[in-house]
Amino acid sequence: MTYIIRRLFQVIPVLIIVSFLVFLFVYLSGDPVALMLPEDASQAEIENMRKVLGLDKPFIVQYGIFLLNAVNGDFGQSFIYKQEALGIVLERLPATFELMIASIIVSTIIAIPLGVWSAIRRNTFVDLFISSSSILGKAMPNFWLGMMLVLLFSVTLQLLPVSGKGTIYHLILPAITAGTAMAAQLTRMLRSHMIEVLSQDYIRTARSKGLGSFVIIFKHALRNSMLPVITIIALQISTLVGGALITETVFSWPGLGQLIIQAIHARDMAVVQACVLVIAVFVIVVNLLADLLYRVVDPRIKYN
Amino acid sequence: MKWVKMLLVSKVGLIGVIIIILFTFTAIFAPLIVPHDPTEVNLGKSSLPPIWLDGGESTYLLGTDNLGRDVFSRIIYGSQISMLVGVCSVLVAGLIGIPVGLISGYYGGLVDSLLMRIVDSQIAIPSILLALVILGFMNPTLLTIIFVIGVSSWIAYARVVRSEVLSLKEREYVKAAKTMGVRHSFIMTRHLLPNVFSSIIVISTINVATSIITESSLSFLGLGPQSISWGSILSEGRDYLATNWWVATFPGIAITVTVLGIILFGDWLRDVLDPRTEV
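The sections below set out a description of the structure shown in this document.

Conventions adopted
Residues numbered from 1 in each chain as written. Chains lettered and ligands numbered in written order. Predicted model: local features only at pLDDT ≥ 70, side-chain atom pairs only at ≥ 80, totals over all residues. Heavy atoms only, no water. Contact = heavy atoms within 4.5 Å. Buried area = accessible area lost by both parts, 1.4 Å probe. Salt bridge = Lys/Arg side-chain N within 4 Å of Asp/Glu carboxyl O. Polar contact = N/O pair within 3.5 Å; in protein donor to acceptor, adjacent residues only side chain to side chain. Helix = DSSP H or I, 4+ residues; strand = E, 2+ residues; numbered from the N terminus. Nonpolar A, V, L, I, M, F, W, Y, C, P; charged D, E, K, R; others polar. Buried < 20%, exposed > 50% of the residue type's maximum accessible area, 1.4 Å probe, protein only.

Some details on the interface of chain A and chain B
Step number 1: Contacts between chain A and chain B engage 43 residues on the former and 40 residues on the latter.
Step number 2: Taken over both partners, the interface formed by chain A and chain B buries close to 3,700 Å², and the fraction arising from carbon and sulfur atoms is 80%.
Step number 3: Three residues stand out in chain A for area buried against chain B, namely F25, F143 and M147 of chain A, and they jointly supply 16% of the buried area on that side.
Step number 4: Linking chain A with chain B are one salt bridge.
Step number 5: Across the pair R188 of chain A and D267 of chain B runs a salt bridge whose closest N-O atoms are separated by 2.7 Å.
Step number 6: At the boundary of chain A and chain B, one finds seven residue pairs in polar contact (both at pLDDT 80 or more).
Step number 7: For the side of chain A that touches chain B, the elements supplying multiple residues, two or more each, are α1 (2-28), α6 (125-139), α7 (142-156), α11 (237-251), α12 (256-266) and α13 (269-297) of chain A.
Step number 8: When residues of the side of chain A that touches chain B are assigned to their parent elements, the largest contribution, eight residues, is made by α1 of chain A.
Step number 9: By residue class, the composition of the side of chain A that touches chain B is 32 nonpolar, seven polar and four charged.

Right, dumping it as structure tokens:
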């Protein structure tokens, strides 16, 4: 219990530093007033706008105001959409979630059989083939993989849509694109973990009891490997979000990735701030939950 | 000699090294290799397919793009950006991450907590997102991109160096040096740093690979250096995927093969430098 409370308290400085970074980006990005006012605005109008936005105050005061507003969910208006920035971000969030969940499903569907198979056929041709493929999966840039999938399945075979969102068919290629790197990593991790588990005493006991190898592998060994699988997914959530953001731009998927890249190009800083903070909070929460889950499920882990 | 022998024994490491040597060679001697000027627009030769397909021309090995520029020559030149950004951004990352890890692990306490919270907060922002946001207000030039990728990837160094220093500082020789009143900075640079060096080499290798991918992603998103890079060729080829598939395909293969080579070399290095990880 004390551990949980301590861990929760650790989150607060992290959030403060993240918010400071986010504020700093915008502070360094220069005066937004020039973008907000018409080009023929007079000096007095500019000064007035700066006062209204609080840009004439010292840096640290500006940060304080930003932090207070951010805590209340107020990141200001997007000057492109003429709406609350947070609202726009939250509107786009479900699409990104959908893509991420689909890519996690894809990566586990690929990784579990491959990881198990290469572990039980250790040091054979199958193992070598699976291991090489997983290194290849890590080496491919995901946006290129996405384009190649489009080239094969949409342009040449005309089986799946090129881009956009709507049916389940729209989801297949983006999910594979965003999930491949994770699948590669999970496969490698699962392989080494399964090899370790399969040499344990209780597996030998199960074997000597005459249990079939299918039962041993899936009921005894794989079950024990699920915890590290979940942990890896959670710890990699930051990378996964990054991959999803890029995948979205390849497939014109209407999520956060598309939104933030448009916002960066247009210097719509309210949206950029809201986006980064929402993503950061999400990653922090997932990591925290994974950490706690890990300790709840496996009491052997020490509370340090 | 011992190293060369070890390399020859490990086929995987050897493949990695060969790819890396080829890549370096290509980047350095690009002007001598290319059959065409990579920026030369020749509308009369636009959208030529690769040499082995119908309509391919002998000097355009991998075809041309919609402006008639030679794809092969562009890929050869693109290797320079990847190499430069890959290596230099890793230096930037190391220059930030290694001192942070050393100080954090050595001093512990409040300094450690503070530095580690900074690390945690950077983990919370996906590195590609961080790079994108910083580039949003800096002009994407070669230098800023190196800086940005470095800044968004130093945490790996900080974490690994810190955890190794935590165990190293309990060793006798470090304790002895402390008791004798040796300066902290001396202990860190002369006693601790050399002992974490092999880990640093391994992380750096993997980091070069990640940086190359990050650079190509940024270029793909239109925030790369304003010169020929693998990501930017890919991005240009994207609009012509249905007709000129080769423009987007080959730079991707170049990235994949290069990154693959570096990963294989990195895996081999880890096995060689750290016998503990051997199963």
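Details of unusual backbone geometry
Step number 1: For Q158 of chain A, which is not a glycine, the phi torsion comes out positive at approximately 55°.
Step number 2: Position of Q158 of chain A relative to the elements: it lies in the loop between α7 and α8 (168-198).
Step number 3: Overall, the relative accessible area of 63% leaves Q158 of chain A in the exposed class.
Step number 4: Residue S47 of chain B is not a glycine yet carries a positive backbone phi of 55°.
Step number 5: Within the secondary structure layout, S47 of chain B lies in the loop between α3 (30-33) and α4 (71-107).

Treat this as a map of the structure, not an account of what it does.
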